[in-house]
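Overview (structure and organization)
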Amino acid sequence: MGFTGSTAFASDSTAAQSRTLIIYFSQPEEMKPDAVDGFSGASVLQKNTPETGSTQYIAQLLQQQTQGDLFRIETTTPYPRQHDALLRAAEKEQQTKARPSLTTPLPDLNHYDTIYVGYPIWWYTMPMVIYTLFEQNDFAGKTVIPFTTHGGSRLADSLREIARMQPQAKLVTRALTISRNDISNPDVPAQVEQWVKQVHPQH
């Protein structure tokens, strides 16, 4: 009977080799109704806890769909929670082309084939910490699937920028993008589920 156990183990290890990682950067903030266009802010979801930013919420839905591992990007310098202060901090980072440091290194990417990467759109582009992510890690040969929360600019230039920084990655351009105004709609979980069925590689 030990033989059947080892066979089961072999199939488990095969499954483990095709694991999914969900990397996300989410910055909860106190949103104003008239928040500037092009800044998704990571709007706080009232229906969850105030700690849950919209990108985090989508990441959690993805985790339920894919059983992937979640990795939250945290920066060594925390961002302000107040909307106007966060706007200024993000603008300054963009102007100086800052590359904020991650407090925790990524898990070993060799363990993953499919990597979802989620972020808000700040000032019509990705937050600078996402540039840090793609410049300092090697996603060659990985299926990279972006998702964004935004304030009107959808994906902005992020697909082009990711392709430039990670030319050897298999970038899925059918990215998921959800407006901060729609994030609390009850149909969002179903929308995420449908999208995962379309983009998630079949092993």
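Since the structure is predicted, the reported quantities are computational estimates derived from the model, not experimental observations. (Residues numbered from 1 in each chain as written. Predicted model: local features only at pLDDT ≥ 70, side-chain atom pairs only at ≥ 80, totals over all residues. Heavy atoms only, no water.)

As enumerated under the stated definition, the model contains five salt bridges in all. Residue Glu 74 pairs with Arg 72 through a salt bridge whose shortest N-O separation is 3.6 Å. Where Arg 164 meets Glu 161, a salt bridge forms, and the shortest distance between an N and an O atom there is 2.9 Å. Residue Arg 164 and its partner Glu 161 are both found in helix α5 (residues 158–165); the two are separated by three residues, about one turn of the helix. Overall, Glu 161 belongs to the buried group, its relative accessible area being 13%. (Salt bridge = Lys/Arg side-chain N within 4 Å of Asp/Glu carboxyl O. Helix = DSSP H or I, 4+ residues; strand = E, 2+ residues; numbered from the N terminus. Buried < 20%, exposed > 50% of the residue type's maximum accessible area, 1.4 Å probe, protein only.)

Mapped onto the elements, Ser 26 comes out in the loop between β1 (19–24) and β2 (28–29). Judged by relative accessible area, Ser 26 falls into the buried class, the value being 2%. A polar contact is formed between the side chain of Ser 26 and the backbone nitrogen of Gln 56, at a distance of 3.1 Å. (Polar contact = N/O pair within 3.5 Å; in protein donor to acceptor, adjacent residues only side chain to side chain.)

All told, the structure shown has five aromatic pairs when counted by the stated rule. The interplanar angle of 65 degrees and the centroid separation of 5.7 Å between the aromatic rings of Phe 25 and Tyr 79 together place this pair among those described as edge-to-face. Taken together, the positions of Phe 25 in the loop between β1 and β2 and Tyr 79 in the loop between β4 (69–72) and α3 (83–95) put the pair 54 residues apart, joining distant regions of the chain. Summarising the burial analysis for this pair, Phe 25 and Tyr 79 share the class buried. Seen from their ring centres, Tyr 116 and Trp 195 are 5.7 Å apart, and the 65 degrees between their planes marks the pair as edge-to-face. Within this pair, whereas Tyr 116 is found in strand β5 (residues 112–120), its partner Trp 195 is found in helix α6 (residues 188–199), the two being separated by 79 residues in sequence. The two residues Tyr 116 and Trp 195 agree in class, both being buried. An aromatic cluster is present here, built from Phe 25, Tyr 79 and Trp 122 joined pairwise through their rings. (Phe/Tyr/Trp six-rings, centres within 6.5 Å; stacked < 30°, edge-to-face > 60°.)

The next subject is the nonpolar core. Within the largest apolar cluster, 28 residues are counted, with the highest numbers of intra-cluster contacts made by Ile 23, Ile 73, Ile 115, Ile 130, Leu 133, Phe 134 and Phe 139. Those elements that provide at least two residues to this core are β1, α3, β5, α4 (128–136) and α5. Looking at which element gives the most residues to this core, the answer is α4, with six residues. When residues no more than four places from it in sequence are discounted, the contact partners of Phe 134 are Val 117, Phe 139, Val 144, Ile 162, Met 165 and Gln 166. In terms of nonpolar packing, the next biggest core, distinct from the first, is built from 19 residues, Tyr 57, Ala 59, Leu 62 and Val 199 among them. (Core = buried A, V, L, I, M, F, W, Y, C linked by side-chain atoms within 4.5 Å. Contact = heavy atoms within 4.5 Å.)

Let's shift gears to the packing of helix α2 (residues 54–66) against α6. Packing of α2 against α6 brings their axes to within 10 Å, and their N-to-C directions diverge by 55 degrees. Of the possible angle classes, the one that applies to α2 and α6 is oblique. Pair α2 / α6 crosses with right-handed handedness. Here Tyr 57, Ile 58, Leu 61, Leu 62, Gln 65 and Thr 66 of α2 come into contact with α6, specifically with Val 188, Pro 189, Val 192, Glu 193, Trp 195 and Val 196. Classifying every residue of the contact of α2 with α6 by side-chain character gives nine nonpolar, two polar and one charged. (Axes fitted to C-alpha atoms, helices over the stretch in contact; angles between N-to-C directions. Parallel < 35°, antiparallel > 145°, perpendicular 65-115°, else oblique. Left-handed = near helix turned anticlockwise from the far one by under 90°. Nonpolar A, V, L, I, M, F, W, Y, C, P; charged D, E, K, R; others polar.)

A word on α6. Across its twelve residues, α6 extends 16 Å between first and last C-alpha, which sits within 8% of the 16 Å expected from 1.5 Å per residue. By the burial criterion, the buried members of α6 are Val 188, Val 192, Trp 195, Val 196 and Val 199. Relative to the axis of α6, the buried residues are bounded by an arc of 105 degrees and lie together on one face. Of the surrounding elements, those touching the buried residues of α6 are α2, β5, β6 (143–150) and β8 (176–179). (Expected span 1.5 Å × (residues − 1). Arc of directions from axis to C-beta.)

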